[in-house]
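Residues per chain, in single letters:
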Amino acid sequence: MKKKKANSFIRLLLGVALAAGLIQLAGWLKGDRLVFPDIGEILRAFFALLAAPGTYGAILVTLRHLLIAVLLSTVIGVGLGLAEGLSEWVRDLLQPLMILLRSIPMIVLTVIIMVLLPYRLVPMVGTTLILVPLISEAACEGCRQIDRELIDVYRLNSALNIRIIWQVYLPLMAGYLRQAYRSGVGMGLKIAVTTEYLVQTRGSLGKAVYSAAYFNEYADIYAYALIMIGLVLLVSWVPEGCARLWEALRGRKKG
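Residues numbered from 1 in each chain as written. Predicted model: local features only at pLDDT ≥ 70, side-chain atom pairs only at ≥ 80, totals over all residues. Heavy atoms only, no water.

1. Concerning the overall build of the protein chain
Moving on, step 1. Looking only at helices and strands, one finds 10 helices and zero strands in the protein chain.
Moving on, step 2. Counting helices and strands in the order they occur from the N terminus, the protein chain gives α-α-α-α-α-α-α-α-α-α.
Moving on, step 3. For the protein chain, buried positions account for 36% of its 255 residues.
Moving on, step 4. The long-range share in the protein chain, meaning contacts at least 24 apart out of those at least 6 apart in sequence, stands at 71%. (Helix = DSSP H or I, 4+ residues; strand = E, 2+ residues; numbered from the N terminus. Buried < 20%, exposed > 50% of the residue type's maximum accessible area, 1.4 Å probe, protein only. Contact = heavy atoms within 4.5 Å.)

2. Concerning the environment of Gln95
Moving on, step 1. Tracing the backbone through its elements, the reader meets Gln95 in helix α4 (residues 88–103).
Moving on, step 2. Separated by 42 residues in sequence, Gln95 and Glu137 have C-alpha atoms that sit 9.8 Å apart.

3. Section: the pattern of salt bridges
Moving on, step 1. Under the defined criterion, the tally for this structure stands at one salt bridge.
Moving on, step 2. Between Arg102 and Glu137 there is a salt bridge whose closest N-O contact spans 3.8 Å. One end of the pair, Arg102, is in helix α4; the other, Glu137, is in helix α6 (residues 122–144), with 35 residues separating them in the sequence.
Moving on, step 3. Its relative accessible area of 46% is what places Arg102 among the partly exposed residues. (Salt bridge = Lys/Arg side-chain N within 4 Å of Asp/Glu carboxyl O.)

4. Quick notes on the packing of aromatic side chains
Moving on, step 1. Within this structure, the stated rule accounts for four aromatic pairs.
Moving on, step 2. When the ring of Phe46 is compared with that of Phe47, the centres are 5.3 Å apart and the planes differ by 70°; the resulting orientation is edge-to-face.
Moving on, step 3. By relative accessible area, which is 17% here, Phe46 ends up buried.
Moving on, step 4. Each ring, one from Tyr214 and one from Phe215, has its centre 5.1 Å from the other, and the planes form 85°; the classification is edge-to-face.
Moving on, step 5. Take Tyr214: its relative accessible area is 58%, and that puts it in the exposed class. (Phe/Tyr/Trp six-rings, centres within 6.5 Å; stacked < 30°, edge-to-face > 60°.)

5. Notes on the state of the cysteines
Moving on, step 1. Following the criterion strictly, the structure yields zero disulfides and no others.
Moving on, step 2. A disulfide-free cysteine, Cys140 has its sulfur positioned 7.0 Å from the sulfur of Cys143, the nearest such atom.
Moving on, step 3. Note on Cys140: relative accessible area 7%, which makes it buried.
Moving on, step 4. On the basis of relative accessible area, Cys143 is assigned to the buried category, the value being 0%. (Disulfide = S-S within 2.5 Å.)

6. A short note on the environment of Glu84
Moving on, step 1. Topologically, Glu84 is positioned in helix α3 (residues 53–86).
Moving on, step 2. Taking relative accessible area as the criterion, Glu84 reaches 5% and is therefore assigned buried.
Moving on, step 3. Between the C-alpha atom of Glu84 and that of Arg144, which follows or precedes it by 60 residues, the distance is 8.9 Å.
Moving on, step 4. Contacts of Glu84, omitting those with residues within four sequence positions, involve Val90, Arg91, Leu94, Met98, Ser136 and Cys140.

Quick look at the structure:
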């Protein structure tokens, strides 16, 4: 296991080196060190941002938007997914809406939300609407794959209620939801930053990237990209860590 993790880390470093080499090559081919600065300049900007308190304030604002969006999309997505999994009629009814949300360009969706809602709500609402189809699809598939005999057993004792959903459905759907969160949370962070950039949300990472682009500080843009890569890796690990903690707590209770 340790050897596998070491090899994975080496491949990650090689991937970082490849990306850095491509930036250097692009700068050499383009002959424009303003847009494609040297790696050393990017690293200096990166460490300068890490030393600036304002960077962490912007990270917290963006993570707050992401957390609210994930909570909202979980409640809506799991609810819709359960309804779709339990009723073929509901699944057929909601399918066009889910296809629309999955396929609509992010810029179009953001513009529509900007027209309908205050700008401060756009990052949360936009991210929520993109994540809902992903979570609902996982919840629906997990519900449909539950052994019908288990469902028949609980139906002998109780009708469908919150306790049954919490104790029966959600644990059996956990594997599907975990996979959805693993890819969805990282994608949600990128969507949140994009919407923040479009509406220039004050004090956010999106606004910081906009300001760097406005003043042609391209080294800072790449530095923010490095920070966001780190955040994506971090938030993508959180669902897995929470799932392991949940399984450990459930095992302790059974013991």
